[in-house]
Structure formats: C-alpha cells, structure tokens
Amino acid sequence: TSPQLDCAGRILRLDVPRVMGIVNVTPDSFADGGEHATVDAAIAHGLKLVEEGADVLDVGGESTRPGADDVSVEEELNRVVPVIEALAKRVPIPISIDTSKPEVMSAAVAAGAGMINDVYALRREGALDVAAELGVPVVLMHMQGEPRTMQANPQYDDVVADVHRFLAERIFAAEMAGIVKKNIVVDPGFGFGKNAQHNLQLLAQLRRLTELGVPVLAGLSRKKTIGELTGRDDPHDRVFGSVAAHLIAAQNGATILRVHDVAATVDALKVWNGVAAMPAPRAEA
Ligand SMILES: Cn1cnc2c(O)nc(N)nc21
C-alpha cells in the first residue's frame, strides 16, 4: 500500500512529494482592515492556493517567526475557526491547523481541519492527549528554544543527530500517548533555532530523518537562509531560491513541502516527478 495520511476522511497521498500551501490568518500590519478583512483575505488566499494546485492547506493564526509575540487562545480561535469552516466547505483537500494550543486543535478539527501541524511537537500542557483524542495526523517539528529567542545564538554538537534524537523522542512520546505511528509526520524545523549552516546541514542530510519510519515535512519557504544565499532581502523575491531548496528536500526524501508559492513549486515538482518516474538503471551486467 502506498503511503498516505487519512485527514479526517480526506486522503493526502504521499506516493509523490505533495505541496502544503501556507494560509496565515495574521492581521496585515500595514492594512487596518481588522479581523474581518483578515479572515476574508485568508479565505480568498486559501482558495487561490487550491487553484494553484495545493494538496493540503496549513492555516495558522499565530506567527511563529523569530521574535513573534504570543497570541491569546481567544484571538487565535477568532482568526482560524472561521477560515477553516469556510475553506473546509469549499475545497475538497485536507486542511491542517498550525497551532500549539490544545484548545485550538480541538476547535479547528471540529470546524473541519483534518491534520495538526505543531511547531512545538505537542510539548505544551495537554497537547499530546488532545491530539491523541482527535485522532488526526500530526506534524512533530523540531525547535530549539522559543520563537522569541531561538535565533539569538543557536548551538548544537551535531545538528542532524540532535534533531534526529529529538524527533525520535517525540515520536515515542506521541505513541505512548496513543497516537498511532501512521498518523505521525516529522519535520526538522528549518529556521527554528538554527543558523544558515545548521539549516543547510539539515537539508543536505534530510534523508537521515526518513530512517524514523514516518513521512518528512520540509518548510524552507522564503526563509532567511534562502535570502542569505541569494542576497534577496525581500521575502517576496525568494521564490526561485525556495523552489530550489524544496526540490532538494524532495530529492532527499521529504514528501510534504510547506510553501507560500504553490504554483511555482507544483510546476517544479512536475519536472521532478517526470524524472522520478523513469525506470531505474539496469544493474551493471
Ligand atoms: C508554522 N511553520 C513555519 N515554518 C514551519 C516549518 O518549517 N514546518 C512546520 N511544520 N511548520 C512551520
């Protein structure tokens, strides 16, 4: 049987690398449209990403970028629940909730989400039990420290070994809490307590994480390391670099790619799939 995730009835096939489109429900600091505009804009953006070929959408109400402040449960619920309700009704693909709060996980699944994406790998109080209860696939991501301070001066003995060990421990914790292994995805957490060298090392050795026996998700889209390598200070100018990074992630075993630029990534993966479909070279006579 080919790998897949059953996201509350909506199937995410992982026979080839799949594209997770990012839907941030965070107020645009420039526009003062307030909550209503934020929700409507997020719904419209999600629909656009589905048009562009997204296989799954990741809806998040709290920014996890370096230095980000916390958002209250109530605020996060007011942002993500209406967006998930509207999108779940209008698109056939699975919807993931990007949150670390158990209350938000429950409300999001009740509203139609079929997957949990937790940058804290279910380490918040109550998260393991709630995720187990909800019975939907969950992404366990590595982070060193907290978003507010994680980029200050990240240190590792061996970043790949350290991340591998952390993810193995979180898989164990999840299974002990009653989450079945077929519902677990792991993610090295590019940019979450890592400098450029750490990120490149993790990308180069990403196949090491597939030894954990669960699908690997990679998210490098428009991140600082891409900007540093390409000299593109504006994140909107990091599309080509992001697509290159995600193709390397696919080549190194990732089967879910979390991206802003869905159309570009979908086309790049069509080329990747064309090559991957070619028969293996005949063994040397
Ligand atoms: C919410 N978010 C931001 N970056 C991410 C990444 O690389 N992986 C996952 N799973 N979530 C992310």
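Asker: Talk me through the pairing of strand β2 (residues 10-13); I want residue IDs and the actual numbers.
Answerer: Direction of pairing for strand β1 (residues 4-7) relative to β2: antiparallel, over a ladder of four bridges. What sits directly across from Gln 4, in β2, is Arg 13. Hairpin connection of β1 to β2: two residues between the antiparallel strands, including Ala 8 at a positive phi of 50°.

Asker: Describe the pattern of salt bridges, listing the residues and the values that go with them.
Answerer: Taken as a whole, this structure holds 13 salt bridges when the rule is applied. One salt bridge in this structure joins Arg 13 and Asp 15, with 3.0 Å as the shortest N-O distance. Residue classification places Arg 13 among the partly exposed residues on the basis of a relative accessible area of 40%. Where Glu 52 meets Lys 48, a salt bridge forms, and the shortest distance between an N and an O atom there is 2.9 Å. Overall, the relative accessible area of 45% leaves Lys 48 in the partly exposed class.

Asker: Could you give an account of the packing of helix α2 (residues 73-90) against helix α3 (residues 102-111), naming the residues involved and the relevant values?
Answerer: Viewed as axis vectors pointing N to C, α2 and α3 meet at an angle of 20°, and their least axial separation amounts to 8 Å. With respect to their mutual orientation, α2 and α3 come out roughly parallel. You can see that α2 and α3 cross each other, and the crossing is right-handed. In contact with Val 73, Glu 76, Leu 77, Val 80, Val 81, Ile 84, Glu 85 and Ala 88 of α2, α3 contributes Glu 103, Val 104, Ala 107, Ala 108 and Ala 111. Here the contact of α2 with α3 is built from residues that sort into ten nonpolar, no polar and three charged.

Asker: Which residues make up the nonpolar core, and what values go with them?
Answerer: In this structure, Val 59, Val 83 and Ile 84 are the most contacted members of the largest nonpolar core, which totals 67 residues. In this structure, Val 83 is in contact with Val 23, Val 25, Val 39, Ala 42, Ile 43 and Val 59, ignoring residues within four places of it in sequence. With eleven residues, the next largest nonpolar core counts Cys 7, Met 115, Val 139 and Leu 217 among its residues.

Asker: Account for the packing of α3 against helix α4 (residues 127-134), with residues named and values stated.
Answerer: Running from amino to carboxyl end, α3 crosses α4 at an angle of 15°, the nearest separation of the two axes being 9 Å. Taken together, α3 and α4 sit at an angle that is classed as roughly parallel. With respect to the hand of their crossing, α3 and α4 are arranged in right-handed fashion. Where α3 abuts α4, its residues Pro 102, Met 105, Ser 106 and Val 109 lie against Ala 127, Val 130 and Leu 134. Along the lines of polarity and charge, the residues of the contact of α3 with α4 split into six nonpolar, one polar and no charged.

Cut-offs used in this document
- Residues numbered from 1 in each chain as written.
- Predicted model: local features only at pLDDT ≥ 70, side-chain atom pairs only at ≥ 80, totals over all residues.
- Heavy atoms only, no water.
- Pairing = 2+ DSSP bridges.
- Helix = DSSP H or I, 4+ residues; strand = E, 2+ residues; numbered from the N terminus.
- Salt bridge = Lys/Arg side-chain N within 4 Å of Asp/Glu carboxyl O.
- Buried < 20%, exposed > 50% of the residue type's maximum accessible area, 1.4 Å probe, protein only.
- Axes fitted to C-alpha atoms, helices over the stretch in contact; angles between N-to-C directions.
- Parallel < 35°, antiparallel > 145°, perpendicular 65-115°, else oblique.
- Left-handed = near helix turned anticlockwise from the far one by under 90°.
- Contact = heavy atoms within 4.5 Å.
- Nonpolar A, V, L, I, M, F, W, Y, C, P; charged D, E, K, R; others polar.
- Core = buried A, V, L, I, M, F, W, Y, C linked by side-chain atoms within 4.5 Å.

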